[in-house]
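Listed below are the residues making up each chain.
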Amino acid sequence: MRLNLRDIIHAPGSSLPFDFQMDLTQLELYGQRPAAEPVRVTGTVRNMAGALQLEGTASSRLHLTCDRCGKPFLREMSVPLDTLLATELEDEENDEIVLLEGTELDLDDLAQTEFILGMDTKNLCSEDCKGLCPRCGADLNLGPCGCKPEADPRLAALAQLLDDSAE
Ligand SMILES: [Zn+2]
Ligand SMILES: [Zn+2]
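**Considering empty space enclosed by the protein**
By the definition in use, this model includes one cavity of 30 Å³ or more. In this model, the largest cavity occupies a volume close to 60 Å³. Together, Leu29, Tyr30, Gln32, Pro34, Leu62, Leu64, Met119, Asp120 and Asn123 line the largest cavity. Its residues assigned to classes, the lining of the largest cavity shows six nonpolar, two polar and one charged.

**Comments concerning the pairing of strand β4 (residues 51-65)**
Note: strand β3 (residues 39-48) against β4, nine bridges, orientation antiparallel. Residue pairing for β4: Gly43 is matched across the bridge by Gly56. Between β3 and the antiparallel strand that follows it, β4, lie two residues; Ala49 among them carries a positive phi value of about 50°. As judged from the 14 bridges shared by β4 and strand β5 (residues 72-86), these two strands associate in the antiparallel manner.

**Quick word on the domain arrangement of the chain**
According to the domain assignment, the chain contains domain 1 (2-129) and domain 2 (133-167). If you average the C-alpha positions of domain 1 and of domain 2, the two centres end up 49 Å apart.

**Brief notes about the coordination of the zinc ion (ligand 2)**
Protein ligation of the zinc ion (ligand 2) involves Cys133 (SG), Cys136 (SG), Cys145 (SG) and Cys147 (SG), the donor distances falling in the range 2.2 to 2.3 Å. For the zinc ion (ligand 2), the four donor atoms in the first shell make angles of 108 to 111° at the metal, so the coordination geometry reads as tetrahedral. Ordering the donors of the zinc ion (ligand 2) by residue number gives the pattern C-x2-C-x8-C-x1-C.

**Describing the nonpolar core**
Among the nonpolar cores identified, the biggest contains 35 residues, and Leu5, Val41, Val45, Leu54, Leu85, Leu105 and Phe115 are the most heavily contacted of them. Among the elements of the structure, β2 (15-22), β3, β4, β5 and α1 (107-117) are those that each provide at least two residues to this core. Beyond its immediate stretch of four places on either side in the chain, Leu54 contacts Phe18, Thr44, Val45, Leu81, Asp82, Thr83, Leu85, Leu105, Leu107 and Leu110.

**Overview of the coordination of the zinc ion (ligand 1)**
The zinc ion (ligand 1) binds to the protein through Cys66 (SG), Cys69 (SG), Cys125 (SG) and Cys129 (SG); the donor distances cover 2.3 Å. For the zinc ion (ligand 1), the four donor atoms in the first shell make angles of 106 to 111° at the metal, a pattern classed as tetrahedral. Written as a sequence motif, the donor arrangement for the zinc ion (ligand 1) is C-x2-C-x55-C-x3-C. On the criterion of sequence distance, the pair formed by Cys66 in the loop between β4 and β5 and Cys129 in the loop between α1 and α2 (153-166) is long-range, its members being 63 residues apart. Each member of the pair, Cys66 together with Cys129, is buried.

**What to know about the layout of surface pockets**
What the second largest pocket holds in volume is close to 200 Å³. Looking at the second largest pocket, it is lined by 14 residues, and the ones nearest its centre are Val98, Asp109, Leu110, Thr113 and Glu114. Elements that contribute at least two residues to the lining of the second largest pocket include exactly β5, β6 (97-99), β7 (104-106) and α1. Classifying every residue of the lining of the second largest pocket by side-chain character gives five nonpolar, two polar and seven charged.

Rules and cut-offs
- Residues numbered from 1 in each chain as written.
- Chains lettered and ligands numbered in written order.
- Predicted model: local features only at pLDDT ≥ 70, side-chain atom pairs only at ≥ 80, totals over all residues.
- Heavy atoms only, no water.
- 1 Å grid on protein atoms, 1.4 Å probe; cavity = no way out; pocket = protein on both sides within 12 Å on 5 of 7 lines; lining within 4 Å.
- Points joined across faces, edges and corners; volume = space filled by probe spheres on them.
- Nonpolar A, V, L, I, M, F, W, Y, C, P; charged D, E, K, R; others polar.
- Pairing = 2+ DSSP bridges.
- Helix = DSSP H or I, 4+ residues; strand = E, 2+ residues; numbered from the N terminus.
- Domains from an automatic or database assignment.
- Donors = N, O, S within 2.8 Å, 3.2 Å for Na, K, Ca; no water.
- Tetrahedral: all angles 85-135°; square planar, octahedral: opposite > 155°, others 65-115°.
- Core = buried A, V, L, I, M, F, W, Y, C linked by side-chain atoms within 4.5 Å.
- Buried < 20%, exposed > 50% of the residue type's maximum accessible area, 1.4 Å probe, protein only.
- Contact = heavy atoms within 4.5 Å.

Structure (structure tokens):
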């Protein structure tokens, strides 16, 4: 959504709350579409002695797939929004300030960027997920699969030699 700050832009001490839902269902990350549910964006823009400060959160429940065991799982995520807004940039180098278009702020763009930056690059169903057995594909979280532990190939070759000489 676009937020028009016309009423507070020249009124120190005033504020403008916002609360809307954003649709990021088409957003693809790491081959998945994790934002399957609406993202709720809430907060306030305050005029603090002439400076515009935006504070809020973007939150949703992500639909993820575990990187280790492939199991789908849900994770609540809430990303803080905290940025300064300005109608013009006095210092071109300052990338912490978001520029308004006239008196309007592209809040979708801002919230979407922060939301994506806030996502983990690793998705594990639990911190100690044991993953799948590389040999039989069994889910090791459910218990051992019965495969022998993977032997070091050099040790395996040595064992083969010893086997042959024993015959
Ligand atoms: Zn897992
Ligand atoms: Zn196995």
